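Fold and contact review
Chain residues, written in single-letter form:
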Amino acid sequence: MRNDYSMNLENWEFKLKQEDRWLPAHVPGCIHTDLWENGVIPDPFYGTNERNLQWIDKEDWEYKSVFDIPEDLFLLPQLELVFDGLDTYADIWLNGKFILSVDNMFREWRKDVKPWLKHQDNLLFIKFRSPIMEDLPKLKQLGYSLPAINDQSEVGELEDQKLSVFARKAPYHYGWDWGPRFVTSGIWRNVRLEGWSEAVISDIHIQQHEVSNQSATLTAVIQVKSDTSGQGLIELTTDNHAWSLEIALEKGEQTYELNFEMNEPKLWWCNGLGDPNLYQFHVELSKNEIPLSHKTVKTGLRTIKLITDPDAFGTSFYFELNGVPVFAKGANHIPNDSFITRVTEERYRQEIQSAAESNMNMLRVWGGGVYEADTFYNLCDEYGIMIWQDFMFACSMYPGDQPFLDSVRLEAEDNVRRLRNHPCIALWCGNNEIDMAWSHYDEASGWGWKQKYSAELREKIWQDYVALFHRILPEVIQQLAPEIAYWPSSPLCSASFDEQMHARHTSTAGDVHYWGVWHTGASFDSYRTHQARFMSEYGFQSFPEYRTVQTYASEKDMELESEVMLAHQRSGGGNQLILTYMQQYMPEAKDMESFLYMSQILQAEAIQTAIESHRSNKPFCMGSLYWQMNDCWPAASWSGIDYYGRWKALQYAVKRSFQDLRIVFEESAPGKLDVRVLSDSVVHSKGELIVEGYDFHGNLMSRIGTEVIIQQPSVNVYTALLAADLIGSVQPSKSVVIAKLLINGEEVDRNIHYWVPTKDLDLPSPVVKLTQGQDENGIWVRLESDRLAKQVWLSSESEGRFSDNYFDLLPAYPVTVRFSTDIPGSLPSKITAHSMVDYLKIERNEHSLPEGEYIDERQQSFK
Ligand code: BMA
């Protein structure tokens, strides 16, 4: 007979409280997806369906499972029901006996249920109370409302009653400026029955004291639950190493510490710096040579520090991994779905793989979503993506009553304990943008929240804030994961109130969210002038591609300001901002599909400017995380990857701009060009930089080249190159500068500079030849053009991504890209190409073709 054993509960059904009919349910899942799967409600994402589904969160919902217990599990003396996540307010009965009441989506719950279980026909019954009805009285009782700017209470027909702040529940469920309002209820993580006898290992924490290439000094902190006493033995193994510890088992819960050392460990490195080596630590507990329990944890050995020390510019803000300062390259991650339980391992993998492919080394799990699934962090460990982990608080002030504070402490403990063995965790951060929004130490700053309250209330709300983010959360980190830094809020100039008082507006310390571009309409050039020690947010919106829009809008809705399109654009004024910026930078698009394409090019140009200027400012700036990596539904948003995992133009631009070696241009004055090579590479190498001027027909006007010693953070290769020397008498609107970097004769980067904004380019109509083939590495596509083809967009009917896309194709530089698909065995049925001229409103010059011509060689040869 096994002595520790668990089984997931299955066969779930659900119903509306006041109805009799039970329907099949999915666990993990939620009420919205269950209703949808049973045909009770339509696709919540389609059209304006969201509006008609707001009744769901005002109701109580019931779930039940009838289950038998296999004999060997049933006979174990200890049987516990474990709930990994319940959303959110629920009472639970087992075989008619009330066993548990829960009130925090982010907690794990465990209940000893041995006395009430039967061998067969057990009934677990969970009643979810409406989160709206539950929290309305709390608002009334508080007597004043708390700010929660993204809580779309009016969509939920609650007028201005912002309830999200009372619930320990994913903030984005209540709506956000990129997402709909679906306040779900349900069993969102596994429910299982766990049994054991004598003793069981309940938790292992591999504490890392000192880690270097030479050795690692570690402690395995092992938690054991026991209903027996006596001599026990703990054995720890990894690779070919083994350690053991004799213990005195005692009844109850005990913690044992096994100190050990490893010589020449293989360290965990982030993407770009080395391999993300992982170790499996296996722990076995036995008594009198009889094994009682075993457990395995996977971790990587590394040190990650946040360095905030005075330096020549102010106070540093950077991550140091294994002693190496790292420029953080990445994005902000939001939940991948409004109904988070639909996110499969494949979807997580696709996101994290995309991050790694885009040369990122960090993602920020932003505080308005959820503490992510284990799978997410496993993948980040595996791909070397460091995680800036927010606690789940964003853009709101929160209540400070004792039950709320206690609940948060327990939630923090559960999640820090769950995640602390993941080497990817680089930082714990208290919240998103709350400190800045309230701005306690600067009367004139902030979002106008504090001014709405009396002096007394103002002080109370601030003290409630201090209790959460400056006392409870750092205490939990100190207690459970002391080797990881805690940062109270993002953005923030300093964790110290004293320093905050004096340095509120500084950008020479702390992290910054720069939204001058976008929210306040500043030009893309402002990215160059607004620098920070660490840029943890900045962003620019775009629309997803046409086929994504088609999943929520019908042909008649395909207008920017149609009701349906507006329902999928949650940033007030978002469309207007896109239009205004488009007028400034892009040529006019001829129709809706063209507009979507153009919006993506616009976004890519904005973020490329930002990334390359942040990197150019290294080491003053040591991080660049744009807003936002992904989407939770198909919509207009700041994402680089849409809801269906489709890479927008942005994602390809990011991939290029985040390369370890990157050529950047800057016009120091009109017609004067600087060319620089940025490097995050740990190896210093020698290369050759070649700069060429071309007209749009591929005629070479100039070529210069020089040897470069590539070093971190950058080398200025050319200063103030004159347009006249590079392009001769060709008009700036018809010419281009190309710079390429060769190492050992191999091209490692190529970048393009135009002298005028994209909207002023005199684009020719190209004839592009497409050749497609397949070899042992998969599918390739080769493109050649007789003239400049601007922003060539390759698309394929089957899902997948190209090694490069949305690039400029010049006659002198044919391009070969590869296509890869996430669906094994699937081949792209047809790859098509388009470029900017196809989407323009203005008539093209009469001597050229009205649109680009794309000759598919493969198709021709088949004719
Ligand atoms: C940032 C984020 C989000 C928001 C985004 C776009 O400040 O923290 O709250 O979605 O801006 O407005």
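Here the residue index of a chain counts from 1 through its sequence in written order. Since the coordinates come from a predicted model, pLDDT governs what is reported: local features require at least 70, and pairs of side-chain atoms require 80 or more to be given and counted, while whole-chain, interface and lining totals use all residues. Note: side-chain values were computed over all heavy atoms of the structure, leaving out hydrogens and water.

1. Description of the overall build of the protein
We count it as follows: Each helix corresponds to a stretch of at least 4 residues labelled H or I by DSSP, and each strand to a stretch of at least 2 residues labelled E; elements are numbered beginning at the N terminus. In this setup the radius of gyration rests on C-alpha atoms only. A globule is expected at 2.2 Å times the number of residues raised to 0.38. Whether two residues are in contact is decided by their heavy atoms: any pair within 4.5 Å suffices. Positive residues here are Lys and Arg, negative ones are Asp and Glu, while His and the chain termini are left out of the count. Charge coordinates come from a single atom per side chain, which is NZ of Lys, CZ of Arg, CG of Asp or CD of Glu.
Secondary structure summary: the protein contains 19 helices and 49 strands in total. Computed over the C-alpha atoms, the radius of gyration of the protein is 29 Å, within 12% of the 29 Å expected from 2.2 N^0.38 for a compact globule of 863 residues. Sequence separation of at least 24 residues holds for 70% of the intrachain contacts in the protein that already meet a minimum separation of 6. The distance from the centre of the 78 positive side-chain charges to the centre of the 124 negative ones in the protein is 1 Å.

2. What to know about empty space enclosed by the protein
Any empty space left between atoms is shown by rolling a water-sized probe over those atoms. Threshold: With a 1 Å grid laid over protein atoms only, a set of points is called a cavity when a 1.4 Å probe fits there but cannot get out and a pocket when it is open yet has protein on both sides within 12 Å along at least five of seven lines; lining residues have an atom within 4 Å of a point. Grid points are joined across faces, edges and corners, and a volume is the space filled by probe spheres set on the points. Three classes are used, and their members are as follows: Ala, Val, Leu, Ile, Met, Phe, Trp, Tyr, Cys and Pro are nonpolar, Asp, Glu, Lys and Arg are charged, and the others, Gly among them, are polar.
Taken as a whole and assessed by the stated rule, the structure comprises 7 cavities of 30 Å³ or more. Quantified by volume, the largest cavity comes out at close to 110 Å³. Looking at the largest cavity, it is lined by 15 residues, and the ones nearest its centre are E545, R547, L794, G800 and F802. Looking at the lining of the largest cavity element by element, the count peaks at 4 residues for strand 44 (residues 789-796). The residue inventory of the lining of the largest cavity, partitioned by class, reads 7 nonpolar, 5 polar and 3 charged. Considering only enclosed or pocket space, the second largest cavity measures out at about 80 Å³ in volume. Lining of the second largest cavity is provided by I206, Q208, T299, R302, R420, N421, H422, I425, W428, A481, E483 and I484.

3. As for the sheet that holds strand 46 (residues 807-809)
Our working definition: Strand pairing requires that DSSP identify at least two bridges connecting the strands. With axes taken as lines fitted to C-alpha atoms, and helix axes fitted only over the stretch in contact, angles between N-to-C directions fall between 0 and 180 degrees.
If you walk across this open sheet you meet the 3 strands as 46-44-48, and the pairing is antiparallel. Every interior strand has two partners, whereas the edge strands, strand 46 and strand 48 (831-834), have only one. Recorded for the sheet is a direction-independent mean angle of 45 degrees between the axes of neighbouring strands. Here 4 bridges tie strand 44 to strand 48, and the two strands are oriented antiparallel to one another. Considered in strand 48, the bridge of L794 is made with A833.

4. Side note on the site of the ligand
Applied cut-off: Summary of the distance rule: residues count as near a molecule or strand when at least one heavy atom falls within 4 Å of that molecule or strand. Residues adjacent in sequence count toward polar contacts only when both atoms are side-chain atoms; beyond that, a polar contact is any pair of N or O atoms within 3.5 Å, and within protein one must be able to donate a hydrogen and the other to accept it. The method behind every accessible area is Shrake-Rupley, applied with a 1.4 Å probe, and residues are considered shielded solely by the protein chains displayed.
Close to the ligand lie W176, D177, W178, W366, C395, N432, E433, W515, H519, E537, W627 and W638, which account for all nearby residues. Between the ligand and the protein, one listed contact pairs an oxygen atom with a side-chain N or O atom of W176 at 3.0 Å. Between the ligand and the protein, one listed contact pairs an oxygen atom with a side-chain N or O atom of E537 at 2.7 Å. Contact with the protein chains hides 96% of the accessible area of the ligand, taken as 300 Å² for the molecule alone. Here the residues of the shell around the ligand sort into 7 nonpolar, 2 polar and 3 charged.

5. Digging into the packing of aromatic side chains
Under the convention used in this document: In this analysis, rings of Phe, Tyr and Trp, with Trp reduced to its six-membered ring, are considered paired at centre separations within 6.5 Å, and the interplanar angle assigns stacked below 30 degrees, edge-to-face beyond 60, and tilted for intermediate values. Only protein chains enter the calculation, and the probe is 1.4 Å; a residue is then buried if its accessible area is under 20% of its type maximum, exposed if over 50%, and partly exposed in between. Here, over-ring charges are defined by two tests on the NZ atom of lysine or the CZ atom of arginine: distance to the ring centre within 6 Å, and angle to the ring normal within 35 degrees.
Scanning the entire structure with this criterion turns up 64 aromatic pairs. Each ring, one from W176 and one from W366, has its centre 4.9 Å from the other, and the planes form 80 degrees; the classification is edge-to-face. Of this pair, W176 sits in strand 11 (residues 174-176) while W366 sits in the loop between strand 28 (362-365) and helix 6 (374-383), placing them 190 residues apart in sequence. An identical accessibility class is assigned to W176 and W366; each is buried. One aromatic cluster is present, formed by F393, Y398, F404, Y441, W462, Y465, F469 and F497 through successive ring pairs. In this structure, R533 packs its charged tip against the face of F620, placed 4.7 Å from the ring centre.

6. Details of the packing of helix 7 (residues 402-419) against helix 9 (residues 455-480)
Rules: Two helices crossing with the near one rotated counterclockwise from the far one by less than a right angle form a left-handed crossing, whereas a clockwise rotation gives a right-handed crossing.
Viewed as axis vectors pointing N to C, helix 7 and helix 9 meet at an angle of 35 degrees, and their least axial separation amounts to 10 Å. As helix 7 runs across helix 9, the sense of the crossing is right-handed. Judged by residue contacts, F404, L405, V408, R409, A412, E413, V416 and R417 of helix 7 engage A467, L468, R471, I472, L473, E475, V476, I477, Q479 and L480 from helix 9. Of the residues belonging to the contact of helix 7 with helix 9, the class tally is 12 nonpolar, 1 polar and 5 charged.

7. Quick notes on the nonpolar core
Defined as follows: Here, the term nonpolar core denotes a set of buried Ala, Val, Leu, Ile, Met, Phe, Trp, Tyr and Cys residues that are joined through side-chain atoms within 4.5 Å.
Among the nonpolar cores identified, the biggest contains 259 residues, and L124, L193 and Y626 are the most heavily contacted of them. When sequence neighbours within four positions are dropped, the list of residues in contact with L193 reads Y5, S6, M7, L9, F67, I69, L73, L79, E80, L81, V113 and L117. Membership of the second largest hydrophobic core comes to 22 residues, among which are L673, L689, I710 and V715.

8. Some points on the environment of T580
Here T580 shows up in helix 15 (residues 574-585). Separated by 59 residues in sequence, T580 and G521 place their C-alpha atoms 8.4 Å apart.

9. A word on the pattern of salt bridges
Keep this limit in mind: By definition here, a salt bridge exists when the distance from a side-chain nitrogen of Lys or Arg to a carboxyl oxygen of Asp or Glu is within 4 Å.
Within the structure shown, the criterion is met by 53 salt bridges. Among the ionic pairs, E62 bridges to K15, the shortest N-O distance being 2.9 Å. Taken as a pair, E62 in strand 4 (residues 61-67) and K15 in strand 2 (residues 12-16) lie far apart in primary sequence, 47 residues in all. Note on accessibility: E62 and K15 belong to one class, buried. R662 is the partner of E612 in a salt bridge, and the nearest nitrogen-oxygen pair spans 2.9 Å. In this pair, E612 is assigned in helix 16 (residues 592-616) and R662 in strand 35 (residues 661-669), connecting sequence segments 50 residues apart. The residues E612 and R662 share a single accessibility class, namely buried.

10. A few points about helix 7
Note the following rule: Given the number of residues in a helix, its expected span is that number minus one, multiplied by 1.5 Å.
The end-to-end C-alpha distance of helix 7 is 26 Å, a good match for the 26 Å that 18 residues give at a rise of 1.5 Å each. Along helix 7, the residues classified as buried are F404, L405, S407, V408, E411, A412, E413, D414, N415, V416, R418 and L419. For helix 7, the elements touching its buried residues are helix 6, strand 29 (386-390), strand 30 (425-429) and helix 9.

11. Overview of the side chain of T33
For T33, the position within the fold is in helix 1 (residues 31-37). On the accessibility criterion, T33 (4% relative accessible area) is buried. In this structure the side chain of T33 is engaged in a polar contact, spanning 3.0 Å, whose partner is the backbone oxygen of C30.

12. What to know about the packing of helix 16 against helix 17 (residues 649-657)
The condition is simple: Throughout this description, any angle smaller than 35 degrees is read as roughly parallel, any larger than 145 degrees as roughly antiparallel, any in the 65 to 115 degree range as roughly perpendicular, and the remainder as oblique.
Across the interface, helix 16 lies against helix 17 with an axial gap of 8 Å and an inter-helix angle of 20 degrees. Accordingly, the angle class assigned to the pair helix 16 and helix 17 is roughly parallel. Relative to helix 17, helix 16 is oriented so that their crossing is right-handed. Counted together, Q600, I601, Q603, A604, I607, Q608, I611, E612 and R615 of helix 16 and A649, L650, A653, V654 and S657 of helix 17 form the full contact between these two elements.

13. Thoughts on helix 9
Going by this rule: Axes are fitted to the seven residues ending at a residue and to the seven starting at it; the angle between these axes is taken as the bend at that residue.
Look at helix 9: 37 Å from first C-alpha to last across 26 residues, which is about the 38 Å you get at 1.5 Å a residue. Where helix 9 bends most, the angle comes to about 30 degrees, and this point is A467.

14. Quick notes on the sheet that holds strand 35
Read across the sheet, 3 strands follow the order 35-36-39 without closing on themselves; strand pairing throughout is antiparallel. Every other strand in the sheet has two partners, leaving strand 35 and strand 39 (714-722) as the edge strands with one partner each. On average, adjacent strands in this sheet sit at an angle of 20 degrees to one another, irrespective of strand direction. Judged from the 6 bridges that link them, strand 36 (residues 672-679) and strand 39 form a sheet pairing that is antiparallel.

15. Comments concerning the confidence of the model for the protein
Note the following rule: pLDDT is a residue-level measure of predictor confidence that goes from 0 to 100.
Within the protein, residue pLDDT values average 95, and 96% of them lie at 70 or more. Here residues 845-849 scores under 50 on pLDDT; set against residues more than four positions off or in separate chains, the count is 6 contacts. The low-confidence segment residues 858-863, where pLDDT is below 50, has 6 contacts with residues more than four positions distant or belonging to other chains.

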